[in-house]
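Structural features, examined
Each chain, letter by letter, is given below.
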Amino acid sequence: MEHIWVIFALISAFSLATSDAFAKKSLKDYNEYLIAWLRLLFCLPILIAAFFFVPIPEVSKDFYIISLIALPLEIAAIILYIKALKLSPLSLTLPFLSLTPLFLIIISYILLGESVSLQGALGIILLVIGSYILNIREFKKGILEPFIAIGREKGSVYMIFVAIIYSITASLGKAAIELSSPIFFGSTYFTAILIAFTPIALFKGRTDIKTLNGHVFKSAVLPGIFYSFMIISHMIALSMTKVAYMISVKRLSLLIGIFYGYYLFRETGISERLTGSLLMLAGFLLIVLES
């Protein structure tokens, strides 16, 4: 049972990749702020329902302080993520998300006092390298093109900040979970995110609100449901192991996304990503065996 966190981390990775795939398939023609908002909106019912199945913990003021610190950072990450995808090509932005586990080696030690072993660090590095080169076929000017493009692509800079913010919010989330419970924190935190993000999304998407119809709302249901599964399994896994390990395993969602791209969107070049996939799996095994 000591590795049960791996199961929840893999469920989180699968749920995130599935949510992203449904969102891409069904909502790709609509305002990006409204898409992000609808996904949060439709994950809310399951998060609220979760309250009926878990005891409500007594929480101290430290819980609220940590949550209030993390909340604006999370909103900033959502906005920067959206801007990055809008301003720059995916191949020059998404690879930088793979840096989050690397940042976590330092951030989680500073904020939580968590340290990783040499074997665990090697596993994280392999996962980071593997997830980075999953997009190697897109690097028409070389594998270092995303880094070279930092100077001319604002989206790349934004995504690096997103990776840093996620390493901070993941660590703060672990601290909040330890002061409450995984499902309680996940439900209250993402409800607060939805409330805070709603006026931003409605303002930014004000010119496109009229395009929303019954079909769009129905299309947002599945992304929202799987996003709620991601949140709950993410929080449970986070409560069971070190943050850097959990987030590293969750990054396997990138690998799952490759298969979705092949089967749902007929994307080509899946065999060219074999090296990145094998490196990610090797890193995954090192982390699991160490933990």
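Our structure's up above, just so we're on the same page.
Overview of the structure. (Residues numbered from 1 in each chain as written. Predicted model: local features only at pLDDT ≥ 70, side-chain atom pairs only at ≥ 80, totals over all residues. Heavy atoms only, no water.)

Summing up its helical and strand segments, the protein chain has 14 helices and zero strands in all. Written out in order from the N terminus, the α and β elements of the protein chain read α-α-α-α-α-α-α-α-α-α-α-α-α-α. A burial count over the protein chain gives 49% of its 291 residues as buried. In the protein chain, 89% of the contacts between residues at least 6 apart in sequence involve partners at least 24 apart. Summing over all exposed atoms, the protein chain offers an accessible surface of approximately 13800 Å²; the carbon and sulfur share of this is 70%. (Helix = DSSP H or I, 4+ residues; strand = E, 2+ residues; numbered from the N terminus. Buried < 20%, exposed > 50% of the residue type's maximum accessible area, 1.4 Å probe, protein only. Contact = heavy atoms within 4.5 Å. Areas by Shrake-Rupley, 256 points an atom, 1.4 Å probe, with all protein chains shown as cover.)

Here we come to the pattern of salt bridges. Enumeration according to the criterion identifies two salt bridges in this entry. The shortest N-O distance in the salt bridge between Arg39 and Asp20 comes to 2.7 Å. Of this pair, Arg39 sits in helix 2 (residues 32-49) while Asp20 sits in helix 1 (residues 4-27), placing them 19 residues apart in sequence. Note on Arg39: relative accessible area 19%, which makes it buried. A salt bridge links Glu114 to Lys174; the shortest N-O distance between them is 2.7 Å. Residue Glu114 is located in the loop between helix 5 (100-112) and helix 6 (118-132), and its partner Lys174 is located in helix 8 (residues 154-178); the two are separated by 60 residues in the primary sequence. By relative accessible area, which is 13% here, Glu114 ends up buried. By relative accessible area, Lys174 is classed as buried at 5%. (Salt bridge = Lys/Arg side-chain N within 4 Å of Asp/Glu carboxyl O.)

We now examine helix 2. Between its terminal C-alpha atoms helix 2 stretches 27 Å, which fits the 26 Å expected from 18 residues at 1.5 Å a residue. At Cys43, helix 2 shows its largest bend, some 30°, and a proline, Pro45, comes one to four positions later. Burial in helix 2 covers these residues: Tyr33, Leu34, Ile35, Trp37, Leu38, Arg39, Leu40, Cys43, Leu44 and Leu47. (Expected span 1.5 Å × (residues − 1). Bend = angle between axes of the 7 residues up to and from the residue.)

Right, let's get into the nonpolar core. Trp5, Leu40, Phe190, Ile193, Phe197, Tyr227 and Ile231 are the most contacted members of the largest nonpolar core, which has 61 residues in total. Take this core: its biggest share by element is nine residues, from helix 9 (residues 182-204). Discounting residues that sit within four places of it in the chain, Phe190 has contacts with Leu40, Leu47, Tyr227, Ile231 and Met235. With eleven residues, the next largest nonpolar core counts Ala77, Leu80, Met159 and Ala163 among its residues. (Core = buried A, V, L, I, M, F, W, Y, C linked by side-chain atoms within 4.5 Å.)

On to the packing of aromatic side chains, then. Working definition: an aromatic ring pair is given by the centre-to-centre distance plus the angle between the planes. For the structure on display, the rule yields ten aromatic pairs. Residues Phe63 and Tyr64 carry aromatic rings whose centres are separated by 5.4 Å and whose planes lie at 80° to one another, so their mutual orientation is edge-to-face. Through successive ring pairs, a cluster of aromatic residues spans Phe51, Phe63, Tyr64, Phe184, Phe185, Tyr189, Phe190 and Tyr227. Cation over ring: Arg206 sits above Phe203, and NZ or CZ is 4.1 Å from the ring centre. (Phe/Tyr/Trp six-rings, centres within 6.5 Å; stacked < 30°, edge-to-face > 60°. Lys NZ or Arg CZ within 6 Å of the ring centre and 35° of its normal.)

By secondary structure assignment, the location of Gly283 is in helix 14 (residues 274-290). Residue Gly283 is classed as buried on the basis of its relative accessible area, which comes to 0%. Separated by 160 residues in sequence, Gly283 and Gly123 have C-alpha atoms that sit 3.8 Å apart. Residues within four places of Gly283 in sequence aside, it is in contact with Gly123, Leu126 and Leu127.

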